[in-house]
Amino acid sequence: MRKTGKLDYIEMSATGGTIDHVKAFYSSAFGWSFTDYGPDYSAFDEGLEGGFQAEVQAKPLPILYSEALEETLRAVEEAGGTIVKPVFSFPGGRRFHFTDPAGNELAVWGE
């Protein structure tokens, strides 16, 4: 069951080639399977859902869930977080990105 503030998804980049080389590694090493969403994104569900995105960022992006996205955005700002990408739509919902006081970037998504 999804609840506000719980870690729900993680995105990692697939730099250094194509997504296919990253998928081949995880399939071979750990037996993972993937669902492709176009040429630049491939998702997995291996205990924690996530995906690889072509050439986006070097660090993993933890993604939290929110039942009320705008309320969570306000709570992040009030707690001292910095919004680095305002709310935007993507296939599957809407989300925003923020940095915490230590500089870690996270995202929050909602349906």
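Look up a bit, the structure's there.
Position labels on residues start from 1 in each chain and follow its written sequence. Note on the predicted model: pLDDT of at least 70 is required for a residue's local features to be given, and 80 or more for side-chain atom pairs to be given and counted; whole-chain, interface and lining totals, by contrast, use all residues. In computing side-chain values, all of the structure's heavy atoms are included and hydrogens and water are not.

Each reported salt bridge corresponds to a side-chain nitrogen of Lys or Arg within 4 Å of a carboxyl oxygen of Asp or Glu. Following the criterion strictly, the structure yields six salt bridges and no others. The shortest N-O distance in the salt bridge between Glu 49 and Arg 2 comes to 4.0 Å. One end of the pair, Glu 49, is in strand β4 (residues 49-53); the other, Arg 2, is in the segment before β1 (7-13), and 47 residues separate them in sequence. Since its relative accessible area comes to 33%, Arg 2 is described here as partly exposed. With a shortest N-O distance of 2.2 Å, Arg 94 and Glu 70 are connected by a salt bridge. Of this pair, Arg 94 sits in strand β7 (residues 93-99) while Glu 70 is found in helix α2 (residues 69-78), placing the two residues 24 residues apart along the sequence. Each residue is placed in one exposure class: buried if its accessible area under a 1.4 Å probe, protein chains only, is under 20% of its type's maximum, exposed if it is over 50%, and partly exposed if it falls in between. What makes Arg 94 partly exposed here is its relative accessible area of 28%. A single network of salt bridges, built from pairs that share partners, joins Arg 2, Asp 8 and Glu 49. Every helix listed is a DSSP run of H or I at least four residues long, and every strand listed is a run of E at least two residues long, numbered separately from the N terminus.

To continue, consider the packing of aromatic side chains. Each Phe, Tyr or Trp ring, with Trp reduced to its six-membered ring, pairs with another whose centre is within 6.5 Å; inter-plane angles below 30 degrees give stacked pairs, above 60 give edge-to-face pairs, and intermediate values give tilted ones. A full pass over the atoms with the stated rule returns 14 aromatic pairs. Centre to centre, the rings of Phe 34 and Phe 44 are 6.4 Å apart; their planes meet at 80°, and the pair counts as edge-to-face. Residue Phe 34 is located in the loop between α1 (19-30) and β2 (35-36), and its partner Phe 44 is located in strand β3 (residues 41-45); the two are separated by ten residues in the primary sequence. Overall, the relative accessible area of 6% leaves Phe 44 in the buried class. Note on Phe 44 and Phe 52: the rings are 5.6 Å apart at their centroids and 45° apart in plane angle, and the pair reads as tilted. Ring-pair connections join several aromatic residues into one group, and the members of that group are Phe 25, Tyr 26, Phe 30, Trp 32, Phe 34, Phe 44 and Phe 52.

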